[in-house]
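So the chains spell out like this:
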Amino acid sequence: MEIRIENLDSIRAAAHEFIQKMGDAHVFAFYGNMGAGKTTFVKAICEELGVKDVITSPTFAIINEYTSSTQGGVPIYHFDFYRIKKLEEVYDMGYEDYFYCGALCFIEWPELIEELLPDDAVRVSITEQPNGSRLVTF
């Protein structure tokens, strides 16, 4: 599937469309170059899901937990593995407790932990187009 984000003004509509197409999946791995818009898109998705918390990149915390008004009290987990140096760090944080709990998990820089991703994780690519728009494929 493809979703095009023409500009920042259309990102919430794109996030809404993404949510409509998520199906029953829980773990979403977001791939893209630095500056492709991974964090911005995850933020828009969370806002569309009713998160009222301040949504920021978990680059230094590695994981942020949000509460959604539309997910029945089930948390949403937002990961950023950019700073991970070795897989032991991910084992130590108890990644399985998050990935397999049934809550939504949005993962940035999943290529650094590829072998730990659940088999049913949805791989989402965000690529910047020559005109500055973004193409989201999954």
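Residues numbered from 1 in each chain as written. Predicted model: local features only at pLDDT ≥ 70, side-chain atom pairs only at ≥ 80, totals over all residues. Heavy atoms only, no water.

A.B. asks: Please explain the pattern of salt bridges as it appears in this structure.
C.D. replies: Two side chains carrying opposite charge are able to pair once their charged atoms lie near each other. Overall, the coordinates contain 6 salt bridges when judged by the stated rule. For the salt bridge of E17 with K21, the shortest nitrogen-to-oxygen distance reads 2.8 Å. When its relative accessible area of 31% is taken as the criterion, K21 is described as partly exposed. Linking R123 and E114 is a salt bridge whose minimum nitrogen-to-oxygen distance equals 3.0 Å. What makes E114 partly exposed here is its relative accessible area of 32%. Overlapping salt bridges bring together R12, E47 and E48 as one network. (Salt bridge = Lys/Arg side-chain N within 4 Å of Asp/Glu carboxyl O. Buried < 20%, exposed > 50% of the residue type's maximum accessible area, 1.4 Å probe, protein only.)

A.B. asks: What exactly am I supposed to notice about the packing of aromatic side chains here?
C.D. replies: Pairs of aromatic rings are described using the distance from one ring centre to the other and the angle between the two planes. A complete count under the given rule lists 14 aromatic pairs for this structure. Taking the centre distance of 5.6 Å and the plane angle of 65° together, the rings of F18 and F28 count as edge-to-face. One end of the pair, F18, is in helix α1 (residues 11–20); the other, F28, is in strand β2 (residues 27–31), with 10 residues separating them in the sequence. Both residues of the pair, F18 and F28, belong to the buried class. Joined through ring pairs, the aromatic side chains of Y77, F79, F81, Y91, Y95, Y98 and F99 make up one cluster. Above the ring of W109, the side-chain terminus of K38 is found at 4.3 Å from the ring centroid. (Phe/Tyr/Trp six-rings, centres within 6.5 Å; stacked < 30°, edge-to-face > 60°. Helix = DSSP H or I, 4+ residues; strand = E, 2+ residues; numbered from the N terminus. Lys NZ or Arg CZ within 6 Å of the ring centre and 35° of its normal.)

A.B. asks: I keep staring at α1 and nothing clicks. Help me out?
C.D. replies: Regarding α1, the residues found buried are I11, A14, A15, F18 and I19. Axial view of α1: buried residues confined to an arc of 140°, hence all on one face. Opposite its buried face, α1 presents the exposed residues A13 and Q20, each directed more than 90 degrees away. Residues of α1 that are buried make contact with β1 (2–5), β2, α2 (38–48) and β6 (122–128). (Arc of directions from axis to C-beta. Contact = heavy atoms within 4.5 Å.)

A.B. asks: Teacher, can you tell me more about the sheet that holds strand β4 (residues 75–80) here?
C.D. replies: Adjacent strands of a sheet form backbone hydrogen bonds with each other and so pair up, either parallel or antiparallel. Spatial strand order, β1-β7-β6-β2-β5-β4-β3: 7 strands in an open sheet with mixed pairing. Of all the strands in the sheet, the pair left with one neighbour each is β1 and β3 (63–67). If you compare each strand with its neighbour and ignore which way they point, the axes differ by 20° on average. Here 5 bridges tie β4 to strand β5 (residues 104–108), and the two strands are oriented parallel to one another. Paired with I76 across the strands is L104, a residue of β5. (Pairing = 2+ DSSP bridges. Axes fitted to C-alpha atoms, helices over the stretch in contact; angles between N-to-C directions.)

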